[in-house]
Amino acid sequence: MTVNVVAPGPLDTPFFHGEENEQSTAYLAATSVHKRLGLPTEIAPVIGFLPSDETGWITALTIFVNGGFVSR
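A short tour of the structure in this document, coming up. (Residues numbered from 1 in each chain as written. Predicted model: local features only at pLDDT ≥ 70, side-chain atom pairs only at ≥ 80, totals over all residues. Heavy atoms only, no water.)

## Topic: the overall build of the chain
Here comes step 1: Along its length, the chain carries three helices and two strands.
Here comes step 2: For the chain, the N- to C-terminal ordering of α and β elements is β-α-α-α-β.
Here comes step 3: Counting only C-alpha atoms, the chain reaches 40 × 25 × 15 Å along its principal axes.
Here comes step 4: Looking at the chain as a whole, 26% of its 72 residues are labelled buried.
Here comes step 5: By sequence separation, contacts in the chain at least 24 residues apart represent 68% of the contacts at least 6 residues apart.
Here comes step 6: Per element, the accessible surface of the chain, about 5,300 Å² overall, is 62% carbon and sulfur. (Helix = DSSP H or I, 4+ residues; strand = E, 2+ residues; numbered from the N terminus. Buried < 20%, exposed > 50% of the residue type's maximum accessible area, 1.4 Å probe, protein only. Contact = heavy atoms within 4.5 Å. Areas by Shrake-Rupley, 256 points an atom, 1.4 Å probe, with all protein chains shown as cover.)

## Observations regarding a nonpolar patch on the surface
Here comes step 1: Residues F64, F69 and V70 make up a contiguous nonpolar surface patch of roughly 220 Å² in combined accessible area.
Here comes step 2: For F64, the position within the fold is in strand β2 (residues 61-65). (Patch = residues over 30% accessible without salt bridge, like charges linked within 9 Å, V, L, I, M, F, W, Y side chains within 5 Å. Salt bridge = Lys/Arg side-chain N within 4 Å of Asp/Glu carboxyl O.)

## Structural notes on the side chain of T55
Here comes step 1: By the element assignment, T55 lies in the loop between α3 (40-49) and β2.
Here comes step 2: Residue classification places T55 among the buried positions, given a relative accessible area of 2%.
Here comes step 3: Aside from chain neighbours lying at most four places away, what touches T55 is F49 and L50.

## Details of the side chain of T25
Here comes step 1: The topology assignment puts T25 in helix α2 (residues 22-31).
Here comes step 2: The class of T25 is buried, set by a relative accessible area of 14%.
Here comes step 3: Reaching out from T25, the side chain makes a polar contact with the backbone oxygen of N21 at a distance of 2.9 Å.
Here comes step 4: Excluding its chain neighbours within four sequence positions, the residues that come into contact with T25 are F16, H17, E20 and L37. (Polar contact = N/O pair within 3.5 Å; in protein donor to acceptor, adjacent residues only side chain to side chain.)

## Considerations on unusual backbone geometry
Here comes step 1: Phi at K35 takes a positive value of approximately 60 degrees, unusual for a residue other than glycine.
Here comes step 2: For K35, the location among the structural elements is in the loop between α2 and α3.
Here comes step 3: For A60, which is not glycine, the phi dihedral falls at a positive 60 degrees.
Here comes step 4: Assignment of secondary structure puts A60 in the loop between α3 and β2.

In structure tokens form, the structure reads like this:
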């Protein structure tokens, strides 16, 4: 059994925009390497990859999918 976590950055979704104001949205977009918010379609492939047979050796990992918002 493996346990992994996907930690997305700020995403361009109705939920995000409902919680943030224009200034905070602009700030968060500017902090990305791509100068924009992420898209759910950019997170989904990582989530789809994790339960595949190719990931048996990946465990106890947090995968940051955030446009460079946070790096380690």
